[in-house]
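# Summary of the model geometry
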Amino acid sequence: MSNQRNILIAVDESQHSAHAIDWFKSHLFKENDKIILVNVRSLRHIPSVRIPESPDFVNHWAEIDAEDAKKAKELLTDMGQKFKDVNATIVEVNMLGDARQEIEKAIEGWKPDLVVMGSRGQTGLKRMLGSVSEYILHHSPVPVLISRTPQPL
Amino acid sequence: MTATASENTQERVNDIVHSVPEEFNPKRTICIPVDGSVSSKKAVDWAINHSICKETDQVVLLNVREVPHSSYTYPYLLAHESLIQLDHKLRTASHELLQETAKHFLSHQIHCRAVSLRGDPREELEFKISHLKPDLVIVGSRGLGPVSKLLVGSVSNHLVHHLHCPVVVVPEHLS
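Given the structure is predicted, the values throughout are model-derived calculations rather than measurements. (Residues numbered from 1 in each chain as written. Chains lettered and ligands numbered in written order. Predicted model: local features only at pLDDT ≥ 70, side-chain atom pairs only at ≥ 80, totals over all residues. Heavy atoms only, no water.)

### Digging into the overall build of chain A
Within chain A one finds four helices and five strands. For chain A, buried positions account for 42% of its 153 residues. Counted over contacts in chain A with a minimum sequence separation of 6, partners at least 24 positions apart contribute 76%. When the accessible area of chain A is evaluated, it comes to approximately 8500 Å², of which 54% is carbon and sulfur surface. (Helix = DSSP H or I, 4+ residues; strand = E, 2+ residues; numbered from the N terminus. Buried < 20%, exposed > 50% of the residue type's maximum accessible area, 1.4 Å probe, protein only. Contact = heavy atoms within 4.5 Å. Areas by Shrake-Rupley, 256 points an atom, 1.4 Å probe, with all protein chains shown as cover.)

What follows is the structure in C-alpha cells.
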C-alpha cells in the first residue's frame, strides 16, 4: 500500500515546460500520483497612466483576460492529456498574478512531494535558469526538480 | 601566503570507494553528492523513497573533501607534516562517509558506486558529473556551511546552474 503522492508541475506554453512533464512521466512518475498542473498567467499590461478610451474600459480588459483564461485552461488540459495512458489523477489549477508568488502559494497549499519545473520558461534570455524557477528553487520547502531541455548541438 | 598539503595540485583525485558488480548493467544512473549534512541525508532518503528502481538503476555517490591549507587567521603556518596528517584524516573521513552511505543503499538492495573527490566541491562535482552523464542528480539544498540563512547553499546552487542534466534539490527541513 503506498500513499498517493502530490506532484506539482508548473506549466507554461514553452517547450521547457512540456519537456519537464515528459521527463517526469518517463523517469519519476509512480502509479496513482496526483498531478497538480499549475499555470499562472499575468494580467495583460495596463499602462499606469491612461485615459480610458471609453467608459467600458474595465469591461474590455475583462474580455481580454477571459480569452487568456480560456487559453490557459486549454493548455492545462493538453498537458493533462499526457497522462491519459497511466493511472494518474489530474488537477488543473488556473491562476492569475505573479508566477513566482502564485506558485509559491500553490506549494504552500498543496504541500506536494515534489515540484517540477523546466529550467526556463518564457524568459527569452539564454540563461541557464529562468527567474521563476530560480525563485521557486530558493523558496520551496519541498524538493524541486529542475528539468533540462536538451539543447540542439 | 597559504601552503597546501598536495605536491601535485594538477592531478584530480578520484578514489573509488565502492563499486557495482560487473554483471550489473544499469539502465539509469542517479548521482547523489553527499557530505554528511542533514539535507544530504534527506536527499538520500528522498532518492530511496521516490526515485530509485533497484532493478534498473545504479546510484553513484560523490563526496568532495577539501584541500587543507593554512589560513591567514592562524598565527603561524601549519607545519608541512601537520597538513599531510590533516589531509589524510580528511581522506579517511570521506571514505568512511561514502562507505556508510553505500551500505545504506545496499541494505535497500540498491546497486551503488562511491567515489571520493578532492578540491573545491563546486568545480569537482561539476567536472565529475559532466563526465558521468547521469540521468538525474539528487542533492541536498544546504551543506555544512556556516551561512544558515540561505535556503540553497552555494554547491547545490552551482550545480543547478551549470549541469546539463535534471537536478532535484532536497531542502534541509523536509518533514
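Following the structure, the description resumes.
### What to know about the interface of chain B and chain A
Taken together, the contact pairs 23 residues of chain B with 22 residues of chain A. In this assembly, chain B packs against chain A so that about 1900 Å² is buried in total across both faces, 60% of it on carbon and sulfur atoms. Area buried by chain B at its contact with chain A is led by B:His50, B:Val160 and B:His161, which between them contribute 27% of it. Taken together, the residues of the side of chain B that touches chain A sort by class into 14 nonpolar, seven polar and two charged. Where strand β5 (residues 144-147) of chain A lies against strand β6 (residues 167-170) of chain B, three bridges are found, and the strand directions are antiparallel. By the bridge assignment, A:Ile146 is partnered in β6(B) with B:Val167. (Buried area = accessible area lost by both parts, 1.4 Å probe. Nonpolar A, V, L, I, M, F, W, Y, C, P; charged D, E, K, R; others polar. Pairing = 2+ DSSP bridges.)

### Some points on the nonpolar core
Residues A:Ile9, A:Phe24, A:Leu114, B:Ile32, B:Leu61, B:Phe105 and B:Ile138 are the most contacted members of the largest nonpolar core, which totals 43 residues. By size, the runner-up hydrophobic cluster in this structure holds 37 residues, among which are A:Val115, B:Leu132, B:Val139 and B:Val152. (Core = buried A, V, L, I, M, F, W, Y, C linked by side-chain atoms within 4.5 Å.)

### Things to note about the environment of A:Asp12
All names here are of chain A. Relative to the assigned elements, Asp 12 resides in the loop between β1 (6-10) and α1 (15-27). Put simply, Asp 12 and Asp 33 are 21 residues apart on the chain and 21 Å apart in space, counted from C-alpha to C-alpha. One polar contact links Asp 12 to Ser 14, side chain to side chain, over a distance of 2.6 Å. (Polar contact = N/O pair within 3.5 Å; in protein donor to acceptor, adjacent residues only side chain to side chain.)

### Points about the sheet that holds β1(A)
The strand order across the open sheet built from eleven strands is β3(A)-β2(A)-β1(A)-β4(A)-β5(A)-β6(B)-β5(B)-β2(B)-β3(B)-β4(B)-β1(B), with neighbouring strands paired in mixed fashion. Looking along the sheet, the strands with just one partner apiece sit at the ends: β3 (89-96) of chain A together with β1 (14-18) of chain B. Put simply, the sheet's adjacent strands are angled 20° from each other on average, direction ignored. Judged from the six bridges that link them, strand β2 (residues 28-33) of chain B and strand β3 (residues 57-65) of chain B form a sheet pairing that is parallel. (Axes fitted to C-alpha atoms, helices over the stretch in contact; angles between N-to-C directions.)

### Regarding the side chain of B:His95
As for its placement among the helices and strands, B:His95 is situated in helix α2 (residues 80-106). Excluding anything up to four places from it in sequence, B:His95 contacts B:Asp15, B:Val17, B:Arg65 and B:Ser116.

### Notes on the packing of helix α3 (residues 99-110) of chain A against helix α4 (residues 131-139) of chain A
Residue and element names in this part refer to chain A. It is at 9 Å that the axes of α3 and α4 come closest, and there the two elements cross at 35°. For the element pair α3 and α4, the recorded crossing hand is right-handed. Judged by residue contacts, Ala 99, Arg 100, Ile 103, Glu 104 and Ile 107 of α3 engage Ser 131, Val 132, Tyr 135, Ile 136 and His 139 from α4. For the contact of α3 with α4, the class distribution of residues is six nonpolar, two polar and two charged. (Left-handed = near helix turned anticlockwise from the far one by under 90°.)

### A few points about α4(A)
Within α4(A), the full set of buried residues consists of A:Ser133, A:Ile136 and A:Leu137. An end-on view of α4(A) places all buried positions within 105° of arc, on one side of the element. (Arc of directions from axis to C-beta.)

### Some thoughts on unusual backbone geometry
Comment: phi is negative for the bulk of residues other than glycine, and the bulk of peptide bonds are trans. The backbone phi angle of A:Asn32 is positive, close to 80°, even though this residue is not glycine. In this structure, B:Gln109 takes a positive phi of about 60° despite not being glycine. The topology assignment puts B:Gln109 in the loop between α2 and β4 (111-118).

### With respect to the pattern of salt bridges
Residues and elements named next belong to chain A. Applying the stated criterion across every chain, the model contains 15 salt bridges over all chains. The partner of Glu 74 in a salt bridge is Lys 70, with the nearest N and O atoms 3.7 Å apart. One end of the pair is Glu 74 and the other is Lys 70, both in helix α2 (residues 57-81) and four residues apart, which spans about a single turn. Glu 74 sits in the partly exposed class, given a relative accessible area of 41%. (Salt bridge = Lys/Arg side-chain N within 4 Å of Asp/Glu carboxyl O.)

### What to know about the confidence of the model for chain A
Confidence in the prediction of chain A, expressed as mean pLDDT, is 86, and 82% of residues score 70 or more. For chain A, α2(A) is the element with the lowest average pLDDT, namely 87, and β1(A) is the one with the highest, namely 97. (pLDDT = per-residue confidence, 0-100.)

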